[in-house]
Amino acid sequence: MRLFALVAAVVMVFAFSGSAVAADAAGTYKAKCAMCHGKAGEGTKMAPALKGSAFVGGDAAAVKDVITNGRAGGDKKFKEFSMSMPKVALEGADLDAMVDYIKGL
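The structure reproduced in this document is the subject of the present report.

1. Quick word on the pattern of salt bridges
Note on pairing: side chains with opposite charge can pair once their charged atoms come close.
Part 1: Following the criterion strictly, the structure yields one salt bridge and no others.
Part 2: For the salt bridge of Lys 64 with Asp 96, the shortest nitrogen-to-oxygen distance reads 2.5 Å. In this pair, Lys 64 is assigned in helix H5 (residues 60-69) and Asp 96 in helix H6 (residues 92-103), connecting sequence segments 32 residues apart.
Part 3: Judged by its relative accessible area of 34%, Asp 96 falls in the partly exposed class.

2. Focus: H5
Part 1: Burial in H5 covers these residues: Val 63, Val 66 and Ile 67. Down the axis of H5, the buried side of the element spans an arc of 100°, and every buried residue falls inside it.
Part 2: Residues of H5 that are buried sit in contact with helix H4 (54-57) and H6.

3. Considerations on a nonpolar patch on the surface
Part 1: Taken together, the side chains of Met 35, Met 46 and Met 83 make up a nonpolar region of the molecular surface, amounting to roughly 320 Å² of accessible area.
Part 2: Turning to its location among the elements, Met 46 is positioned in the loop between helix H3 (34-37) and H4.

4. As for the nonpolar core
Part 1: Residues Tyr 29, Leu 50, Val 63, Ile 67, Leu 90, Met 98 and Ile 102 are the most contacted members of the largest nonpolar core, which totals 13 residues.
Part 2: When contributions to this core are tallied by element, the ones reaching two or more residues are H5 and H6.
Part 3: For this core, the element with the most residues is H6, which contributes four residues.

5. Let's talk about the environment of Gly 70
Part 1: Relative to the assigned elements, Gly 70 resides in the loop between H5 and H6.
Part 2: Residue Gly 70 is classed as buried on the basis of its relative accessible area of 15%.
Part 3: Taking the C-alpha atoms as reference points, Gly 70 and Pro 86, 16 residues apart in sequence, are found 4.7 Å from one another.
Part 4: Excluding its chain neighbours within four sequence positions, the residues that come into contact with Gly 70 are Asp 65, Met 85, Pro 86 and Lys 87.

Calculation criteria
Residues numbered from 1 in each chain as written. Predicted model: local features only at pLDDT ≥ 70, side-chain atom pairs only at ≥ 80, totals over all residues. Heavy atoms only, no water. Salt bridge = Lys/Arg side-chain N within 4 Å of Asp/Glu carboxyl O. Helix = DSSP H or I, 4+ residues; strand = E, 2+ residues; numbered from the N terminus. Buried < 20%, exposed > 50% of the residue type's maximum accessible area, 1.4 Å probe, protein only. Arc of directions from axis to C-beta. Contact = heavy atoms within 4.5 Å. Patch = residues over 30% accessible without salt bridge, like charges linked within 9 Å, V, L, I, M, F, W, Y side chains within 5 Å. Areas by Shrake-Rupley, 256 points an atom, 1.4 Å probe, with all protein chains shown as cover. Core = buried A, V, L, I, M, F, W, Y, C linked by side-chain atoms within 4.5 Å.

Shown next as structure tokens:
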């Protein structure tokens, strides 16, 4: 019986750990994005606003592509910002959670 309880506890930890990590999109945004895009997505002198952006509010696949592949050189949409959009290493549920988070800004 103790073995069953231990196995069940381990399964529960692994089952919910992925969603807990994915659910921390706010923390990931704060750590990786806020410095350039602003605490609430309002934009800064370094990067455009995400809040209210037609692009962010549009196709989620396009937003995911920019997050994971960045934008530099001729691919930059906002030439007035000297900094390129760096690639961000997110995938799967974490990437989905980040897109949902920035769409909700």
